[in-house]
Amino acid sequence: MREKNKRLRSSQWFGTNDKNGFMYRSWMKNQGFPDHQFQGKPVIGICNTWSELTPCNAHFRQLAERVKQGIYEAGGLPVEFPVFSNGESNLRPTAMLTRNLASMDVEEAIRGNPIDGVVLMCGCDKTTPALLMGAASCDVPAIVVTGGPMLNGKHKGQDVGSGTLVWKMHEQLKSGEIDLNEFLSAEGGMSRSAGTCNTMGTASTMACMAESLGTSLPHNAAIPAVDARRYALAHLSGMRIVDMVHEDLCLSKVLTRKAFINAIRTNAAIGGSTNAVIHLKAIAQRIGVQLDLEDWQHYGKTVPTIVNLQPSGQYLMEDYYYAGGLPAVLRKLGENNLLNREALTVNGKSIWENVADAPCYNSDVIRDFDRALVKQGGICILRGNLAPRGAVLKPSAASPALMKHRGRAVVFENFDDYKARINDDSLDVDENSILVMKNCGPKGYPGMAEVGNMGLPPKLLKKGIKDMVRISDARMSGTAFGTVVLHVAPEAREFGPLAAVQNGDEISLDAEAGILQLEISDEDLEQRLASLRKDQIIARGGGYLELYLNHVTQADEGCDFDFLIGCRGADVPAHSH
Ligand code: FES
């Protein structure tokens, strides 16, 4: 017999028989709610990122209906509300620019409304962190339901992965391996069902992060978007959130430091996106958990990558679900003492209780530790005079031969400069060079665009060169690959040392030792930076962009707005009608 919550938050709206109670209920009744719906039932918000401009989340209306059925069945009152939907594929200049905007929308919508618990309908890359950040700042009971990945892409009888196919075919087009018709013919087959990118890109990574953090029911991350079991899981999540309200199971009981460490290790095991480093930091800060780049180094670095999915490996999310999904991976982590077993999850059980018996049905998709894809798969944290506040590199997507490399810098001042010169056969570059791009960090290219995996010069592609070391303050799509150093902090726009790199400078990368060094003296570096600092840039222009530029933090701090960090709770002053 469950113990009912003494006093629901929503009773501040619907629980009185005075003028205010009358008004709150009366307006809601214009939707046809009968009176008994307002008599002490938990009110559950369904925070929906549905949008036809976010194709990955375009099936969320149907999914939300299943969530509603579950909420009704468990005795709650569902109320669906829209929030800003920042879809990766259409939104310019990048969906990351509006992640914090969406999180503000979520936070204020939850706090300002009669909501006792919330279902977070996440999908496309940035919607997952945005919704978790907003809900964490309110610390109400919350459960994540993601939209699930697309079915495997198909092109000429082969499985093809979202994004990863585009990067590969574009390089082939530039090297002359394929023609334009062949390139364009893959469009339809790559995205052939509802859902998010079917590779282990950022959306799939963040879905795995949500599940490993304990914020979703088991298997949420991998069930394909169009699989009937996705709809059953939505129904069950709707039922569960009602009980979570009765149990007062708020996010802060789930989002503990132990849960974040589980997520860091999971990211290594799945070969997850580098974007997770930024998003987990941002979510942790909202709930008041300390999480630093060193935690990735300390807890994640030695964890092997055992999930054989593109871009690090071969398969796609559909295969991953059929092989056992994330529970099978978490079980292997637990059996190798790499899981905080007692971390609480939204179903009220510990993460280990959820996964202890999880089967693995395909040991090529989800490998045993002794057959890992990469022995040390965790994201490498690099430091040195070129990145005093850190940079990241994803070993499972990189070339082992380039993980220790010294080369001559070929510098691009910004992304436009890169686009203007990279195809020029007279560019002074060879396969040992290091491509360096500046001014693509959180402020330099507002939103910190996913351009860090710079395509290689065509003249080298034609020679058969497939990878080079690339360094920037940008991010990289989770579907991309290569020996790519990202998130260099401080960024060039903030006069980090990256701003001082000149053509021909020698740079040393040692991923194993965690070093990224510009081979010039401290005095020369300081002198170069001092002359650059004369041109301080003031953010103007108005609108959201000005707010963004004045308040976004650096990559190592999660790129949140400085004034949004922290948990502000769900208390709100009453308003008088
Ligand atoms: Fe939406 Fe990849 S573009 S998940």
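Higher on the page you've got the structure.
Residues numbered from 1 in each chain as written. Predicted model: local features only at pLDDT ≥ 70, side-chain atom pairs only at ≥ 80, totals over all residues. Heavy atoms only, no water.

Visitor: Help me get a handle on the sheet that holds strand β3 (residues 117-122), residues and values and all.
Guide: The 4 strands lie next to each other as β2-β1-β3-β4, forming an open sheet whose pairing is parallel. This sheet does not close on itself; its edge strands, each paired only once, are β2 (77-82) and β4 (142-146). Each strand of the sheet is rotated relative to its neighbour by a mean of 20°, with strand direction disregarded. Across 5 bridges, the pairing between strand β1 (residues 43-48) and β3 is parallel. Across the sheet, Asn-48 pairs through a bridge with Met-121, a residue of β3. (Pairing = 2+ DSSP bridges. Helix = DSSP H or I, 4+ residues; strand = E, 2+ residues; numbered from the N terminus. Axes fitted to C-alpha atoms, helices over the stretch in contact; angles between N-to-C directions.)

Visitor: Explain the packing of aromatic side chains residue by residue, including any values.
Guide: Centre distance and the angle of the planes are the two values used to describe a pair of aromatic rings. One pass over the structure, following the stated rule, counts 11 aromatic pairs. Arranged with centres 6.2 Å apart and planes meeting at 50°, the rings of Phe-415 and Tyr-445 form a pair that is tilted. In this pair, Phe-415 is assigned in helix α18 (residues 415-421) and Tyr-445 in the loop between β10 (434-437) and α19 (458-461), connecting sequence segments 30 residues apart. Among the residues examined, Phe-415 registers a relative accessible area of 19% and is labelled buried. What links up through ring pairs into an aromatic cluster is the set Phe-412, Phe-415, Tyr-418 and Tyr-445. (Phe/Tyr/Trp six-rings, centres within 6.5 Å; stacked < 30°, edge-to-face > 60°. Buried < 20%, exposed > 50% of the residue type's maximum accessible area, 1.4 Å probe, protein only.)

Visitor: Give me the pairing of β10: which residues, what numbers.
Guide: The alternating pattern of β10 places Ile-434 and Val-436 on one face and Leu-435 and Met-437 on the opposite face, and all of these are buried. Looking at chain direction, strand β9 (residues 404-412) and β10 are connected through 4 bridges and run parallel. Paired with Val-410 across the strands is Leu-435, a residue of β10. Both β10 and strand β11 (residues 469-472) contribute to a ladder of 4 bridges, which runs parallel. Each residue of the ladder has a partner; that of Met-437, found in β11, is Ser-472.

Visitor: Outline the nonpolar core, supporting the account with residue identities and numerical values.
Guide: Formed by 107 residues in total, the largest nonpolar core has its most connected members in Leu-120, Phe-260 and Tyr-320. Residues within four places of Phe-260 in sequence aside, it is in contact with Leu-213, Leu-255, Leu-280, Ile-283, Ala-284, Ile-287, Val-289 and Leu-291. Judged by nonpolar contacts, the second largest core, of 30 residues, contains Leu-386, Ile-434, Val-436 and Ala-499. (Core = buried A, V, L, I, M, F, W, Y, C linked by side-chain atoms within 4.5 Å. Contact = heavy atoms within 4.5 Å.)

Visitor: So what's going on with the layout of surface pockets? Residues and values would help.
Guide: Looking at the second largest pocket, its volume works out to about 270 Å³. Met-28, Gln-31, Val-79, Asn-113 and Pro-114 are the residues nearest the centre of the second largest pocket, which is lined by 17 residues in total. Looking at the lining of the second largest pocket, the elements with two or more residues in it are α1 (11-14), α2 (19-29), α3 (60-73) and β2. If one sorts the elements of the lining of the second largest pocket by residue count, β2 sits on top with 4 residues. Within the lining of the second largest pocket, the residues separate by chemical class into 12 nonpolar, 3 polar and 2 charged. (1 Å grid on protein atoms, 1.4 Å probe; cavity = no way out; pocket = protein on both sides within 12 Å on 5 of 7 lines; lining within 4 Å. Points joined across faces, edges and corners; volume = space filled by probe spheres on them. Nonpolar A, V, L, I, M, F, W, Y, C, P; charged D, E, K, R; others polar.)

Visitor: Can you explain the pattern of salt bridges? Please cite residues and give values.
Guide: Counted according to the given criterion, the structure contains 40 salt bridges. For Lys-126, the salt bridge goes to Glu-450, with nearest N and O atoms at 3.6 Å. With Lys-126 in the loop between β3 and α5 (127-138) and Glu-450 in the loop between β10 and α19, the pair connects residues that are 324 residues apart, well separated along the chain. Considered together, Lys-126 and Glu-450 belong to a single accessibility category, that of buried residues. (Salt bridge = Lys/Arg side-chain N within 4 Å of Asp/Glu carboxyl O.)

Visitor: Outline the side chain of Asp-560, supporting the account with residue identities and numerical values.
Guide: Following the sequence through the fold, Asp-560 ends up in the segment after α21 (543-551). A relative accessible area of 0% places Asp-560 in the buried class. In terms of polar contacts, Asp-560 uses its side chain to reach the side chain of Arg-286, at 2.7 Å. (Polar contact = N/O pair within 3.5 Å; in protein donor to acceptor, adjacent residues only side chain to side chain.)

Visitor: Go over the packing of helix α12 (residues 257-270) against helix α14 (residues 293-300), please, and point to the residues and values.
Guide: A pair of packed helices can be characterised by two numbers: the angle between their axes and the separation between those axes. Direction vectors running N to C along α12 and α14 enclose 65°, while the axes themselves pass 9 Å from each other. Considering only the axes of α12 and α14, their crossing is right-handed. Across from Arg-257, Ile-261, Ile-264, Arg-265, Asn-267 and Ala-268 in α12, the residues of α14 making contact are Asp-295, Trp-296, Tyr-299 and Gly-300. Class assignment of the residues belonging to the contact of α12 with α14 gives a composition of 5 nonpolar, 2 polar and 3 charged. (Left-handed = near helix turned anticlockwise from the far one by under 90°.)

Just distances and angles here, no functional claims.
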